[in-house]
Amino acid sequence: MVADTVLAAVGARPATGLLRGVVPLDPSGAVAVDPTGRLRADPNSTDPTDPVALSPAAAARVWAVGDCAAREHPVFGHVPGGHWTAALTDPGPTVTALLADGDPTEGTPGAPSAPAPAPYVFSKQLGHDLALIGAARPGDDVRLRGDPDSGGPWAALYLRPGTADHAVLDAAFLVDSPREVGGLRRLMGGDEPLTVDVARAVDPSVRWRDAVRRP
Ligand SMILES: Cc1cc2nc3c(=O)[nH]c(=O)nc-3n(C[C@H](O)[C@H](O)[C@H](O)COP(=O)(O)OP(=O)(O)OC[C@H]3O[C@@H](n4cnc5c(N)ncnc54)[C@H](O)[C@@H]3O)c2cc1C
């Protein structure tokens, strides 16, 4: 491929300027919300430098989904929006919570009972199917599953430093492996981190479910 000029536009930032001074925003500009999409702020904050002092009743009635939100996940922390899947799946628990009975100032009604889905981004670039499941952390060990130069499927695994033989899988970047995506999303969903047998996880002939280290 030949080009005179190449523009790489990588990354995303929530366009939440209209909310500034109205609801608290995290350092990225996103609205930090709990797993149902409810504003996650300390409504009792008495910090005089806080430009947004919402009453508890007002804070309990602020909800956000999609690109403007960073949603709390039991395993992956605050997951920023910026991808289709969150925009598609996050409204479900939010609507459930919104429709639930009860005083919204007393806990979160209708908290989702289904396992929290793992963060998931998919795309097609230069003819390749790409999928990122989970959320990598600084300091993760990156190991390959398969050979990127082979022209076939491969993956990069982001492993939390663990023991020599097993580690928590923080994220997996799958290339041209569409049949592996659904199963791995299921394994990485829920409220517990997924621990894998490292030697098996990096072996492309081993199915993901057979690489899971059971407690
Ligand atoms: C070029 C591009 C490529 C992408 N590719 C991928 C990809 O490959 N994979 C992936 O997972 N995601 C991708 N995304 C991201 C994905 O499109 C977004 O994450 C998703 O659309 C977010 O949905 P949303 O409903 O939160 O926001 P949006 O789709 O942005 O919807 C927000 C809506 O609010 C409206 N609005 C804004 N301000 C106001 C206002 N003040 N009053 C009333 N209405 C208002 C807007 O007009 C818009 O219709 C891509 C995005 C772009 C731009």
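Residues numbered from 1 in each chain as written. Predicted model: local features only at pLDDT ≥ 70, side-chain atom pairs only at ≥ 80, totals over all residues. Heavy atoms only, no water.

- In the annotation of an unreviewed UniProt entry, the protein is listed under the name Reductase C-terminal domain-containing protein and assigned to Paraoerskovia sediminicola.

## What to know about the sheet that holds strand β3 (residues 77-80)
Logical step 1: Strand order in the open sheet formed by three strands is β1-β2-β3, with mixed pairing between adjacent strands. Single-partner strands in this sheet number two, and they are β1 (31-33) and β3. The mean inter-strand angle of the sheet, taken between neighbouring strand axes irrespective of direction, is 30 degrees.
Logical step 2: By the bridge criterion, three bridges tie β1 to strand β2 (residues 69-73) in an arrangement that is parallel. Counted as the bridge partner of A32 is A70 from β2. (Pairing = 2+ DSSP bridges. Helix = DSSP H or I, 4+ residues; strand = E, 2+ residues; numbered from the N terminus. Axes fitted to C-alpha atoms, helices over the stretch in contact; angles between N-to-C directions.)

## Some thoughts on the pattern of salt bridges
Logical step 1: For the coordinates displayed, the defined rule picks out six salt bridges.
Logical step 2: Note that D90 and R71 form a salt bridge whose closest N and O atoms lie 3.4 Å from each other. Of this pair, D90 sits in the loop between α2 (84-89) and α3 (91-99) while R71 is found in strand β2, placing the two residues 19 residues apart along the sequence.
Logical step 3: Judged by relative accessible area, which is 15%, D90 ranks as buried.
Logical step 4: Linking R213 and D165 is a salt bridge whose minimum nitrogen-to-oxygen distance equals 3.9 Å. With R213 in the segment after α6 (208-211) and D165 in the loop between β7 (154-159) and β8 (166-175), this pair connects stretches of sequence that are 48 residues apart.
Logical step 5: Judged by its relative accessible area of 36%, R213 is partly exposed. (Salt bridge = Lys/Arg side-chain N within 4 Å of Asp/Glu carboxyl O. Buried < 20%, exposed > 50% of the residue type's maximum accessible area, 1.4 Å probe, protein only.)

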